[in-house]
Amino acid sequence: MERKLLDTDELYEEVSAQIEKFQSLAGHRPLYVDGHQHVQVMKGMREVFAQALSRYGVTHTRLPVEDLSFCSWMEDSTLKLYENVVQDALEARGIFQKHGLRFTDGFVGMKTMGSDLTLPRLQKSIECAFNISPLRCKSAKTSSLTQESNAPTTSQENLFTVELMVHPGYPSSTDGGGCGHGPDDFSKSMDRKHEMDVLMDRSLCKFFRNSGIILGSFCDLIQQPSLQECAEKVHSSCLKCDPLSDPTVINGPDKYN
């Protein structure tokens, strides 16, 4: 991308083709679109991406701005990569907003991928994103990410929202799938099963409930339910103890702003 070896017109055609393919299979436009390995925020791609989503009426995407001030378990090279992703995301924010794209107020998931995911790390990351613990985070939840023009709201009460990126599942087979060349090493590893086991831990649901955090999906944000409706949903989910029912977006009452 930096060497300008990619044609932006071709990028636009590819994004458009993928959206149209989804529409032909699902019968409706996607509610939310992001890019593999956060490619949607890269310089050169973010403009094309935003233009294509705007053309097709897609309103929500991912802005991976995550606090990376506590991740001693990560290798320096990986940390540097994620820091670059965060910087790209900050630069993409204005472009996304210009084209009417919306995204959650916070994001968690890069530093808790695969075997790096543990309950203490996940809970600490979520607490940091919502600022509901004594932990002082260097980059979590700045005012620039919660401007009124961007922050998703419900019809009756404002919610502070955080997207939780997870990859639960079972190891992929080597027979097919993946992104054009079969599944990658992460998809074929036991890391996905590890993530699923952590996310299914019964104590995680208790943590959400005790913290006043509501599990939801981007569909919930777009439909703009009331806070009471969200609370009823998470109460029902916790009774079943099924934290994987909709782990995409975490919504916290605005008292945690």
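Fair warning: this is a prediction, and the values are worked out from it, not measured in the lab.

(A) Structural context of the pattern of salt bridges. Tallied over the entire structure, the rule returns five salt bridges. Note that Asp34 and Arg62 form a salt bridge whose closest N and O atoms lie 3.4 Å from each other. Of this pair, Asp34 sits in the loop between helix H1 (8–26) and helix H2 (45–55) while Arg62 is found in the loop between H2 and helix H3 (76–98), placing the two residues 28 residues apart along the sequence. Relative accessible area serves as the criterion here: at 28%, Asp34 is assigned to the partly exposed category. Residue classification places Arg62 among the buried positions, given a relative accessible area of 11%. Close ionic contact of Glu91 with Arg46 constitutes a salt bridge, the shortest N to O distance being 3.0 Å.

(B) Broad picture of the packing of aromatic side chains. In this structure the tally under the stated criterion is five aromatic pairs. Where Phe49 meets Phe96, the ring centres are 5.9 Å apart and the plane angle is 50°; that geometry is what we call tilted. Residue Phe49 is found in helix H2, and its partner Phe96 is found in helix H3; the two are separated by 47 residues along the sequence. By relative accessible area, Phe96 is classed as buried at 0%. Here the aromatic cluster, defined as three or more aromatic residues joined through ring pairs, consists of Phe49, Phe96 and Phe103. The ring of Phe70 carries Lys111 above its face, with NZ or CZ at 4.7 Å from the centroid.

(C) A look at the environment of Gly109. For Gly109, the position within the fold is in the loop between strand E1 (106–108) and helix H4 (119–130). Accessibility expressed as a relative area gives 0% for Gly109, which makes it buried.

(D) Looking closely at H4. The first and last C-alpha atoms of H4 sit 17 Å apart over twelve residues, in line with the 16 Å expected at 1.5 Å per residue. At the N-terminal end of H4, a side-chain oxygen is found 3.2 Å from the backbone nitrogen of Arg121, two or three residues along, and the residue is Thr118. Where H4 ends, the next residue or the one after it, Asn131, has phi of about 55°, a positive value.

(E) Geometry of the nonpolar core. By size, the foremost hydrophobic cluster in this structure holds 31 residues, and its most contacted members are Val15, Phe49, Leu53, Leu63, Leu68, Phe96 and Met110. Counting only elements with at least two residues in this core, the list comes to H1, H2 and H3. Among the elements that make up this core, the one with the highest residue count is H3 (eight residues). With residues near it in sequence (within four places) discarded, Phe49 still touches Val33, Asp34, Gln40, Thr61 and Phe96. Counting 18 residues, the second largest nonpolar core, distinct from the first, contains Val108, Leu119, Ala129 and Leu164.

(F) Broad picture of H2. Buried within H2 are the following residues: Met45, Arg46, Val48, Phe49, Ala50, Ala52 and Leu53. As for H2, its buried residues are in contact with H1 and H3. Of the residues flanking the end of H2, it is Gly57, one or two places downstream, whose phi is positive at about 75°.

(G) Geometry of the confidence of the model for the chain. Taken over all residues, the pLDDT of the chain has a mean of 80, while the share at 70 or more is 72%. A low-confidence stretch, residues 138–156 (pLDDT under 50), is modelled with 49 contacts involving residues beyond four sequence positions or located in other chains. Below a pLDDT of 50 lies the segment residues 241–257, which in the model reaches 68 contacts outside its immediate sequence neighbourhood of four places, other chains included.

Parameters and conventions
- Residues numbered from 1 in each chain as written.
- Predicted model: local features only at pLDDT ≥ 70, side-chain atom pairs only at ≥ 80, totals over all residues.
- Heavy atoms only, no water.
- Salt bridge = Lys/Arg side-chain N within 4 Å of Asp/Glu carboxyl O.
- Helix = DSSP H or I, 4+ residues; strand = E, 2+ residues; numbered from the N terminus.
- Buried < 20%, exposed > 50% of the residue type's maximum accessible area, 1.4 Å probe, protein only.
- Phe/Tyr/Trp six-rings, centres within 6.5 Å; stacked < 30°, edge-to-face > 60°.
- Lys NZ or Arg CZ within 6 Å of the ring centre and 35° of its normal.
- Expected span 1.5 Å × (residues − 1).
- Polar contact = N/O pair within 3.5 Å; in protein donor to acceptor, adjacent residues only side chain to side chain.
- Core = buried A, V, L, I, M, F, W, Y, C linked by side-chain atoms within 4.5 Å.
- Contact = heavy atoms within 4.5 Å.
- pLDDT = per-residue confidence, 0-100.

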